[in-house]
Amino acid sequence: MGNERLKMMIMAALFAAIMGVGAQIIIPIPPVPFTAQTLALALAATILGKRYGTLAAALYVLLGAIGVPVFAGMKSGLGILLGPTGGYILSYIPVAFIIGWISEKGGFRTSAVVTANIIGALVILLIGTAWLKFMGNLSWTGAFAGGMLPFIILDCIKAVFAAVLGVLVRNRLASARLLPAGI
């Protein structure tokens, strides 16, 4: 049992690193850049489930908070988390749990995982936009126009892609006995 837990913790750490790499794949759209880190987050939650997917997200946020440059543009620190775009990053922890929980409840079937990932993408946008409004001292219209509207379609496409790819990878890992039973 201990080896399975250690294996999953290592996989969570690996996905935290993958999120950091994904954050560096940037399409600059002010005030919030479009990155691949949400794709990595969705893959982590889809493949690892709610417990270890959430651990991966929390580790990613913690690494960035303590100064490891894992946020978009090789940035880090509490200033990023408490700044106007910090809500998007902070939302990753509950979103990983939501995606993992819905996916687990749906038996990791593709339809359930697609639903989970689209809900997760929308929750990130909602939390991030609300945070952007208050921390960026913007109107609701300004926050919506800059922090949500440009991302809805692309984030939903990323969510569907992550769901399909995540289920495929998860099934392969399970058939190779690289994922423990019960997650």
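The structure reproduced in this document is the subject of the present report.

Quick notes on the rules
- Residues numbered from 1 in each chain as written.
- Predicted model: local features only at pLDDT ≥ 70, side-chain atom pairs only at ≥ 80, totals over all residues.
- Heavy atoms only, no water.
- Patch = residues over 30% accessible without salt bridge, like charges linked within 9 Å, V, L, I, M, F, W, Y side chains within 5 Å.
- Areas by Shrake-Rupley, 256 points an atom, 1.4 Å probe, with all protein chains shown as cover.
- Salt bridge = Lys/Arg side-chain N within 4 Å of Asp/Glu carboxyl O.
- Helix = DSSP H or I, 4+ residues; strand = E, 2+ residues; numbered from the N terminus.
- Core = buried A, V, L, I, M, F, W, Y, C linked by side-chain atoms within 4.5 Å.
- Buried < 20%, exposed > 50% of the residue type's maximum accessible area, 1.4 Å probe, protein only.
- Axes fitted to C-alpha atoms, helices over the stretch in contact; angles between N-to-C directions.
- Parallel < 35°, antiparallel > 145°, perpendicular 65-115°, else oblique.
- Left-handed = near helix turned anticlockwise from the far one by under 90°.
- Contact = heavy atoms within 4.5 Å.
- Nonpolar A, V, L, I, M, F, W, Y, C, P; charged D, E, K, R; others polar.
- 1 Å grid on protein atoms, 1.4 Å probe; cavity = no way out; pocket = protein on both sides within 12 Å on 5 of 7 lines; lining within 4 Å.
- Points joined across faces, edges and corners; volume = space filled by probe spheres on them.

With that settled, the discussion passes to a nonpolar patch on the surface. Taken together, Leu-78, Leu-82, Phe-134, Met-135 and Trp-140 make up a surface patch of nonpolar side chains, about 580 Å² in accessible area. Positionally, Met-135 belongs in helix α6 (residues 110–135).

With that settled, the discussion passes to the nonpolar core. Among soluble globular proteins, nonpolar side chains are generally buried collectively. Residues Phe-15, Met-19, Leu-41, Leu-48 and Tyr-60 are the most contacted members of the largest nonpolar core, which totals 42 residues. Looking at this core, the elements that each hand over two or more residues are α1 (2–22), α2 (37–65), α4 (86–90), α5 (92–105), α6 and α8 (152–175). The dominant element in this core, judged by the number of residues it contributes, is α2, at 14 residues. Among the nonpolar cores identified, the runner-up in size contains five residues, and Phe-108, Val-114, Ala-163 and Val-167 belong to it.

The interhelical angle for the contact between α5 and α6, taken along N-to-C directions, is 160 degrees, at an axis separation of 8 Å. Judged on the interaxial angle alone, α6 and α5 are roughly antiparallel. Here the hand of the crossing between α5 and α6 comes out right-handed. Across the interface between the two elements, Tyr-92, Val-95, Ile-98, Ile-99, Ile-102 and Ser-103 of α5 pack against Ala-112, Val-113, Ala-116, Asn-117, Ile-119, Gly-120, Val-123 and Ile-124 of α6. Within the contact of α5 with α6, the residues separate by chemical class into 11 nonpolar, three polar and no charged.

Moving on, we get to the layout of surface pockets. The computed volume of the largest pocket comes to approximately 400 Å³. Lining the largest pocket we find 22 residues, and of these Val-32, Pro-33, Thr-35, Ala-72 and Thr-85 sit closest to its centre. Mapped onto the lining of the largest pocket, the elements with two or more residues apiece are β2 (34–35), α2, α4, α6 and α8. When grouped by side-chain class, the residues that make up the lining of the largest pocket number 14 nonpolar, five polar and three charged.

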